[in-house]
Amino acid sequence: MEPTISFFSGFAPKDLLFLGEAAVRTMWISVLSISIGTVLGVIFGWILYEGKWAAALTVAPILDVFRSVPLIIQLVLFYNFAPIIGLNLDPFASGVVILTIYTASLVASVARGGIEAVDAPMRRAARSLGMSYWQDLRYVVLPIGGRAVFPAWVGVALGVMKDSALVSVLGYVELLKASQILITRTQEPFLILSIAGAFYFALSYPISRYAASLERKWAQ
């Protein structure tokens, strides 16, 4: 007979392993989406900054749609309509696509704010020293602007990690979906949700602490 945790007759050690595997899947879909979305978001942020009115008429409205429409609606619509255009994606791939675009739409505003945080005189000074436009971006804008908006980016990353729970509506067994499965079987919602919350904390807390240590280091 499968051993069970004391006082919780429906919860077995294998269930804890099941939640641990789901936490890994949560981390995996989050890391992929945040990484790719951040790169795309920086590019979109640069376009918004340099494109002025042209970007305001083209890129900005599209990003506003992904920022404004609830993420769960985006996930369901994309997953159900993707096959119509020939994209037969599983729940994981669909979740990565939408979370990536969603992350990019949020990071775009952060990135544009970072570029705007660098004073124009400082950029002109860099150009007067013989730096090219791209050298100015790499050696002046990126270090200064990146530090200015780093806390905002960390907030976006942590938010997307928690929002990844919504991919469960597509059938992807991440941490929330795994919790729902176990609750249905064991009827122990308090225990299971507490453990799931502990896993989310374990995923998020190191990121926030590392970010705080970097900010303190940069402030010195």
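Not measured: the values here are computed from a predicted model. (Residues numbered from 1 in each chain as written. Predicted model: local features only at pLDDT ≥ 70, side-chain atom pairs only at ≥ 80, totals over all residues. Heavy atoms only, no water.)

Glancing now at the overall build of the protein chain. On a plain count of helices and strands, the protein chain comes out with nine helices and zero strands. Its helices and strands taken in sequence order, the protein chain reads α-α-α-α-α-α-α-α-α from the N to the C terminus. Referenced to the eigenvectors of the C-alpha coordinate spread, the extents of the protein chain come out at roughly 75 × 50 × 20 Å. When the 220 residues of the protein chain are sorted by exposure, 37% land in the buried category. Put simply, of all contacts in the protein chain between residues at least 6 apart along the chain, 72% involve residues at least 24 apart. Surface accessibility of the protein chain: about 12300 Å² in total, with carbon and sulfur atoms responsible for 70%. A distance of 8 Å separates the average location of the 16 positive side-chain charges in the protein chain from that of its 13 negative side-chain charges. (Helix = DSSP H or I, 4+ residues; strand = E, 2+ residues; numbered from the N terminus. Buried < 20%, exposed > 50% of the residue type's maximum accessible area, 1.4 Å probe, protein only. Contact = heavy atoms within 4.5 Å. Areas by Shrake-Rupley, 256 points an atom, 1.4 Å probe, with all protein chains shown as cover. Lys, Arg positive; Asp, Glu negative; His and termini not counted. Charge placed at Lys NZ, Arg CZ, Asp CG, Glu CD.)

Quick look at the layout of surface pockets now. The volume enclosed by the largest pocket comes to roughly 450 Å³. Around the largest pocket, the lining is made up of 19 residues, and of these Val 42, Ala 111, Ile 115, Leu 142 and Gly 146 lie nearest the centre. Taken together, the elements giving at least two residues each to the lining of the largest pocket come down to helix H1 (13-51), helix H5 (91-116) and helix H7 (133-163). Examining the composition of the lining of the largest pocket, we find that nine residues originate from one element, H7, more than from any other. Grouping the constituent residues of the lining of the largest pocket by class yields 13 nonpolar, five polar and one charged. (1 Å grid on protein atoms, 1.4 Å probe; cavity = no way out; pocket = protein on both sides within 12 Å on 5 of 7 lines; lining within 4 Å. Points joined across faces, edges and corners; volume = space filled by probe spheres on them. Nonpolar A, V, L, I, M, F, W, Y, C, P; charged D, E, K, R; others polar.)

Together, Ile 72, Ile 73, Val 76, Leu 77, Phe 81, Ile 84, Ile 85, Leu 87 and Val 169 make up a nonpolar patch on the protein surface, roughly 810 Å² of accessible area in all. Mapped onto the elements, Ile 72 comes out in helix H4 (residues 71-81). Overall, the relative accessible area of 34% leaves Ile 72 in the partly exposed class. (Patch = residues over 30% accessible without salt bridge, like charges linked within 9 Å, V, L, I, M, F, W, Y side chains within 5 Å. Salt bridge = Lys/Arg side-chain N within 4 Å of Asp/Glu carboxyl O.)

Looking now at the side chain of Arg 123. Position of Arg 123 among the secondary structure elements: in helix H6 (residues 120-128). Ignoring anything within four residues of it in the chain, the contact list for Arg 123 reads Tyr 49, Ile 115, Val 118, Tyr 133, Asp 136, Leu 137 and Val 141.

Turning our attention to helix H9 (residues 189-219). For H9, with 31 residues, the first-to-last C-alpha span of 44 Å sits near the 45 Å given by 1.5 Å per residue. At Ser 204, H9 shows its largest kink, close to 25°, and the proline Pro 206 lies no more than four residues downstream. Among the residues of H9, those classed as buried are Leu 191, Ile 192, Ile 195, Ala 196, Tyr 200, Leu 203, Ser 204, Ala 211, Ala 212 and Leu 214. (Expected span 1.5 Å × (residues − 1). Bend = angle between axes of the 7 residues up to and from the residue.)

This part takes up the confidence of the model for the protein chain. Summing up the model confidence of the protein chain, the mean pLDDT is 85 and the portion of residues at 70 or higher is 95%. With pLDDT under 50 throughout, residues 4-8 is counted as low confidence; its partners more than four residues away or in other chains account for seven contacts. (pLDDT = per-residue confidence, 0-100.)

What follows deals with H7. The α-helix winds at 3.6 residues per turn, so residues separated by three or four positions along the chain end up facing the same way. Here H7 spans only 37 Å end to end across 31 residues, well under the 45 Å set by a 1.5 Å rise per residue. The largest bend along H7 measures about 50° and falls at Phe 150, with the proline Pro 151 one to four residues further on.

On to the UniProt feature "transmembrane region" (unreviewed entry) in the protein chain, then. Mapped onto this numbering, the UniProt entry annotates "transmembrane region" (unreviewed entry) at residues 27-49, 92-115, 136-158 and 190-208. Between the C-alpha atoms that bound residues 27-49 there is a distance of 32 Å. The span itself is 100% helix and 0% strand. Across residues 190-208, the secondary structure splits into 100% helix and 0% strand, with the terminal C-alpha atoms separated by 26 Å. (UniProt positions renumbered as here; feature names shortened; annotations may be inferred.)

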